[in-house]
Amino acid sequence: DLWIKEILKSKCIQGDEGERIWKRYRRSYIHAFNRAKNVSEETDIDGMQTATTDDFVEKNEFRLMVGYLCVYVVMYDAFQMVDGGKRGEGILGDDTEDLRIELNEWLTSYKNVTDHTLVGLKDIDDPKVVFDEMDVDNGGLILLSEWCRYLAKKEVEAKTFLGSLLDIASTAKAATHEKGKSPVKASPKKIKEEEAPPKSALKPIHQFTGKAMIKLGKGISMDAKDFVDCFRVMGQ
């Protein structure tokens, strides 16, 4: 994630402000990384006993990861609005966040995000039902991972533009990571020569990262908008 920090500080947002935004959304970056790294077929890497290509983001997955960075920052931005309701005060991303939403927090603050651009947060009739659907482990808390998983699922189900982007990883994983299938054995050189990225995976990325294609809509902080504006141009 130091690369993200460097881009924010050197290319987009100068000085302390860039570092503050990087720190604010830092906990969401791993979710983007994990979603992108499984798109290509899993392959053993020569010289490494246990690691496979699924432990890294490959070159043909990179632009997809940039798109996912923007998506998960927007999701985390909404999460912060409910988790304490302190979004925009400049302290978000520090160790005071507990990264979990309790039921009383959700019932008190869910209206802060009901006009959000993410479809999973729109038109909430029964907040308790939504809370229970997010809380997949029945732990009585919504973790950031559960929050993101729920919102991604709703985007895919609604067949939104973000849903089509997120679904690339889901469909690719289902097609290439069959149950019981062993990783392909190949050297890094052979991987580079033989494994071209699927064309269908690149086109949506270009659309997503174009300024005209992504609509951030309501409920998103200026910090999140600045982050997305910084990274989406990288796919053009």
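Reading guide: rules and limits
- Residues numbered from 1 in each chain as written.
- Predicted model: local features only at pLDDT ≥ 70, side-chain atom pairs only at ≥ 80, totals over all residues.
- Heavy atoms only, no water.
- Phe/Tyr/Trp six-rings, centres within 6.5 Å; stacked < 30°, edge-to-face > 60°.
- Helix = DSSP H or I, 4+ residues; strand = E, 2+ residues; numbered from the N terminus.
- Buried < 20%, exposed > 50% of the residue type's maximum accessible area, 1.4 Å probe, protein only.
- Disulfide = S-S within 2.5 Å.

Caption draft 1: Looking closely at the packing of aromatic side chains. A full pass over the atoms with the stated rule returns nine aromatic pairs. Measuring from ring centre to ring centre gives 6.3 Å for Tyr25 and Tyr76, while their planes differ by 75°; the resulting arrangement is edge-to-face. Of the two residues, Tyr25 sits in the loop between α2 (15–24) and α3 (29–36) while Tyr76 sits in helix α4 (residues 62–82), which places them 51 residues apart along the sequence. A relative accessible area of 0% places Tyr76 in the buried class. With a centroid separation of 5.8 Å and 40° between ring planes, the pair formed by Trp106 and Tyr110 is classed as tilted. Taking relative accessible area as the criterion, Trp106 reaches 0% and is therefore assigned buried. Residue Tyr110 is classed as buried on the basis of its relative accessible area of 12%.

Caption draft 2: Seen up close, the state of the cysteines. Enumeration over the complete set of coordinates arrives at one disulfide. One disulfide bridge connects Cys12 with Cys230, the sulfur atoms lying 1.9 Å from each other. Disulfide Cys12 to Cys230: torsion about the S-S bond roughly 75°, handedness right-handed. Here Cys230 lies in helix α11 (residues 222–232) and Cys12 lies in helix α1 (residues 2–12), a separation of 218 residues in the sequence. Note on Cys230: relative accessible area 5%, which makes it buried.

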